[in-house]
Amino acid sequence: MGNCTISGNTAAGNGGGIYTASGSLTLDSCTISENSADGLGSGIYVAGSFSILGGSSVAENNDVYLKTGSTVIIAGDLTADGTVATLTPESYTVETLLLSDSGSQDLVESYYTSFAVTQPQDADALWKLDSSGALCSVQASATVTVSFPEESDMAVELAQRS
């Protein structure tokens, strides 16, 4: 599909804007926005092949659900401003490949920061993509302990404030 807008759709199941269970889908300069699904993939549900290029984007209020084994193929330069799409993998496993390119170009390394990852509700870590297009996790929080000798200026000032 080229130069298209898919917006304002609702699905009782999966794929609010587009549902692809097999075969291939290519978006070239398309906008996916304001769609909803009772199931998975408010913007796009992908269980086949999905390629994206040009000014294509999937709005932040929509996501691209990727069934295990499916990837987003960056098939050419991406010219959309900001986040191109938010990806929701079927399973959150470190090193699961979510982005690939058309083979001869190193498009994943150039554009991986243009994609966000949906954060699972029970996550102890922040999920993102690495430069190879694979999932990676980063600790979401840390505990810092600071101690001062009782006689230090900082300890005296803190004691006076409390």
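Here, every reference points to the structure presented above.
The sections below set out a description of the structure shown in this document. What you see is a predicted model; the values in this text were computed from it and never measured. Within each chain, residues carry numbers counting from 1 in the order of the written sequence. For this predicted model, a pLDDT threshold of at least 70 governs which residues receive local features, and a threshold of 80 or more governs which side-chain atom pairs are given and counted, while totals over whole chains, interfaces and linings are taken from all residues. Computation of side-chain values covers all heavy atoms of the structure but excludes hydrogens and water.

Structural notes on the pattern of salt bridges
In step 1: By salt bridge we mean one thing: a side-chain nitrogen of Lys or Arg within 4 Å of a carboxyl oxygen of Asp or Glu. This structure, assessed with the given rule, holds 1 salt bridge.
In step 2: Measuring nitrogen to oxygen at the nearest pair gives 3.0 Å for the salt bridge that ties Glu-90 to Lys-67. Separated by 23 residues along the polypeptide, Glu-90 in the loop between β12 (85–89) and β13 (99–101) and Lys-67 in the loop between β10 (64–66) and β11 (72–78) bring together distant segments of the chain.
In step 3: Glu-90 gets classed as partly exposed once you look at its relative accessible area, which sits at 35%.
In step 4: Taking relative accessible area as the criterion, Lys-67 reaches 31% and is therefore assigned partly exposed. The numbering of helices and of strands both runs from the N terminus, where a helix is a DSSP run of H or I of at least 4 residues and a strand a run of E of at least 2. Type-normalised accessible area, obtained with a 1.4 Å probe on protein chains alone, sets the label of each residue: buried when under 20%, exposed when over 50%, and partly exposed for intermediate values.

Some thoughts on the sheet that holds strand β1 (residues 5–7)
Hydrogen bonds between backbone atoms are what pair the strands of a sheet, whose relative direction is either parallel or antiparallel.
In step 1: DSSP calls a pair of strands paired once it identifies at least 2 bridges connecting them. The strand order β1-β5-β9 describes an open sheet built from 3 strands, whose pairing is parallel. In this open sheet, the two strands that pair with only one neighbour each are β1 and β9 (57–58).
In step 2: Bridge count between strand β5 (residues 31–33) and β9: 2 bridges; the pairing is parallel. Looking across to β9, one finds that Thr-31 is bridged to Ser-57.

Some words on the environment of Tyr-112
In step 1: Tracing the chain through its elements places Tyr-112 in the loop between α1 (107–111) and β14 (115–117).
In step 2: Taking the C-alpha atoms as reference points, Tyr-112 and Leu-99, 13 residues apart in sequence, are found 7.6 Å from one another.
In step 3: With residues near it in sequence (within four places) discarded, Tyr-112 still touches Leu-99, Leu-129, Asp-130 and Ser-131. Only heavy atoms matter for contacts: two residues are in contact if any of them lie within 4.5 Å across the pair.

Digging into the pairing of β12
Within a regular strand, the side chains alternate between the two sheet faces.
In step 1: A large share of β12 lies buried, amounting to 5 of its 5 residues.
In step 2: Burial along β12 is two-sided: the residues Ala-85, Leu-87 and Pro-89 and Thr-86 and Thr-88 are all buried.
In step 3: Pairing geometry for β10 and β12, over 3 bridges, is parallel. Across the sheet, Tyr-65 pairs through a bridge with Thr-88, a residue of β12.
In step 4: Pairing geometry for β12 and β14, over 3 bridges, is parallel. Of the residues in β14, the one forming a bridge with Ala-85 is Phe-115.

Section: the packing of aromatic side chains
In step 1: Put simply, two rings from Phe, Tyr or Trp (the six-membered ring, in Trp's case) pair if the centres are within 6.5 Å, and we call them stacked under 30 degrees between planes, edge-to-face over 60, tilted for the rest. Within this structure, the stated rule accounts for 3 aromatic pairs.
In step 2: Each ring, one from Tyr-19 and one from Tyr-45, has its centre 4.8 Å from the other, and the planes form 10°; the classification is stacked. Placement of the pair is Tyr-19 in strand β3 (residues 18–20) and Tyr-45 in strand β7 (residues 44–46), with a sequence separation of 26 residues.
In step 3: Put simply, the rings of Tyr-19, Tyr-45 and Tyr-65 pair up and form one aromatic cluster.

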